[in-house]
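This is what each chain is made of:
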Amino acid sequence: KDANGWASKGHEINFEQFILGSKLPFKEFVNSKSAINLKEIGDELNISAGKINYKINKNDGTLSVIDNSGIIIEGPELNVWRAPISNEWVDWGKAEASDWYSTGLNRLILDSTDFSFTNENNSVSVSTKQFYRLPENEDYIFNQFNYTIYNDGVIQINQKIDFIGYFDYEWLPR
């Protein structure tokens, strides 16, 4: 990366992009002798498994993960918004950014949540169904998280998203 006639010192010679697989192989559950402790306290379902504590808010479906060090991680959460790139701002084309902002994809309103769980052998299965409304119309986005928490602390997360309503947006990925 020395200076030469066509580039200054420290220039980038190459970069690489990698294709990330959409499915990772799921590590099969290894039977652990630790038990799952399950408690319903007010609006929360508290699950202790292995060395990890999970809290799920029954009103909005928020998942919090707390390990033995006290670090709290929250999520996942629905996000159908991304910042527009410059081509989506320009006025010589479609300028999708203005449609995105006027539709309100960045301002979804959580209307309701359905929460259920089952305690099975060596695992707890939790389902949160969330209905988000777009602020400028009656279209909805249905988001469902299914969590399976095993007695060794491993969590498997599956998500399903459906668009309910007219949604006549050619630029919205399906």
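Bear in mind the structure is a predicted one, so any value in this text is a computation, not a measurement.

J.: Please set out the overall build of the protein residue by residue, giving values where relevant.
T.: Counting its secondary structure elements, the protein contains one helix and nine strands. The order of helices and strands in the protein, counted from the N terminus, is β-β-β-β-β-α-β-β-β-β. The contacts in the protein between residues at least 6 apart in sequence include a share of 41% that link residues at least 24 apart. Here the protein has roughly 12,000 Å² of accessible surface; of this, 50% comes from carbon and sulfur atoms.

J.: Tell me what's going on with the pattern of salt bridges, and back it up with residues and numbers.
T.: Throughout the structure, instances matching the rule amount to three salt bridges. The salt bridge involving K58 is made with E40; its shortest N-O contact spans 2.6 Å. Here the residue K58 occupies a position in the loop between β3 (52-57) and β4 (63-67), and E40 occupies one in strand β1 (residues 37-41), the gap between them amounting to 18 residues. Overall, the relative accessible area of 49% leaves E40 in the partly exposed class.

J.: So what's going on with the nonpolar core? Which residues, and what values?
T.: If you look at the biggest cluster of nonpolar residues, it comprises 14 residues, and the most contacted ones within it are I47, Y54, I56, L63, V126 and Y147. Listed by contribution, the elements that provide at least two residues to this core are β2 (44-49), β3, β4, β7 (123-133) and β8 (140-150). Excluding residues within four positions of it along the chain, L63 makes contact with Y54, K55, I56, I73, E74, G75, P76, Y147 and I155.

J.: So what about the environment of I52? Which residues, and what values?
T.: With respect to the helices and strands, the residue I52 is situated in strand β3. On the basis of relative accessibility, which here comes to 24%, the residue I52 falls in the partly exposed class. With 13 residues separating them in the primary sequence, I52 and V65 have C-alpha atoms 7.1 Å apart. With residues near it in sequence (within four places) discarded, I52 still touches I47, V65, I66 and G153.

J.: Which residues make up the pairing of strand β6 (residues 109-120), and what values do they have?
T.: Of the pairings in the sheet, the one linking β6 to β7 comprises 11 bridges and is antiparallel in character. The partner of T113 across the bridge, within β7, is Q130. The hairpin formed by β6 and β7 contains two residues between the paired strands, and N122 there has a positive phi angle of roughly 65°.

J.: For the side chain of T128, give the residues involved together with the corresponding values.
T.: Counting through the fold element by element, T128 comes out in strand β7. Overall, the relative accessible area of 0% leaves T128 in the buried class. Dropping the residues within four chain positions of it, T128 is found in contact with I56, G61, D114, F115, N143, Q144, F145 and Y147.

J.: Tell me what's going on with the side chain of N46, and back it up with residues and numbers.
T.: Positionally, N46 belongs in strand β2. Sequence-distant contacts of N46, defined by excluding residues within four places in its chain, comprise N37, L38, K39, I41, Y54 and K55.

J.: Describe the packing of aromatic side chains, and please don't skip the residues or the numbers.
T.: For the coordinates displayed, the defined rule picks out three aromatic pairs. Where F131 meets F142, the ring centres are 5.1 Å apart and the plane angle is 50°; that geometry is what we call tilted. Taken together, the residues span a long stretch of sequence, with F131 in strand β7 and F142 in strand β8 at a distance of 11 residues. With a relative accessible area of 26%, F131 lands in the partly exposed category.

Rules used throughout
Residues numbered from 1 in each chain as written. Predicted model: local features only at pLDDT ≥ 70, side-chain atom pairs only at ≥ 80, totals over all residues. Heavy atoms only, no water. Helix = DSSP H or I, 4+ residues; strand = E, 2+ residues; numbered from the N terminus. Contact = heavy atoms within 4.5 Å. Areas by Shrake-Rupley, 256 points an atom, 1.4 Å probe, with all protein chains shown as cover. Salt bridge = Lys/Arg side-chain N within 4 Å of Asp/Glu carboxyl O. Buried < 20%, exposed > 50% of the residue type's maximum accessible area, 1.4 Å probe, protein only. Core = buried A, V, L, I, M, F, W, Y, C linked by side-chain atoms within 4.5 Å. Pairing = 2+ DSSP bridges. Phe/Tyr/Trp six-rings, centres within 6.5 Å; stacked < 30°, edge-to-face > 60°.

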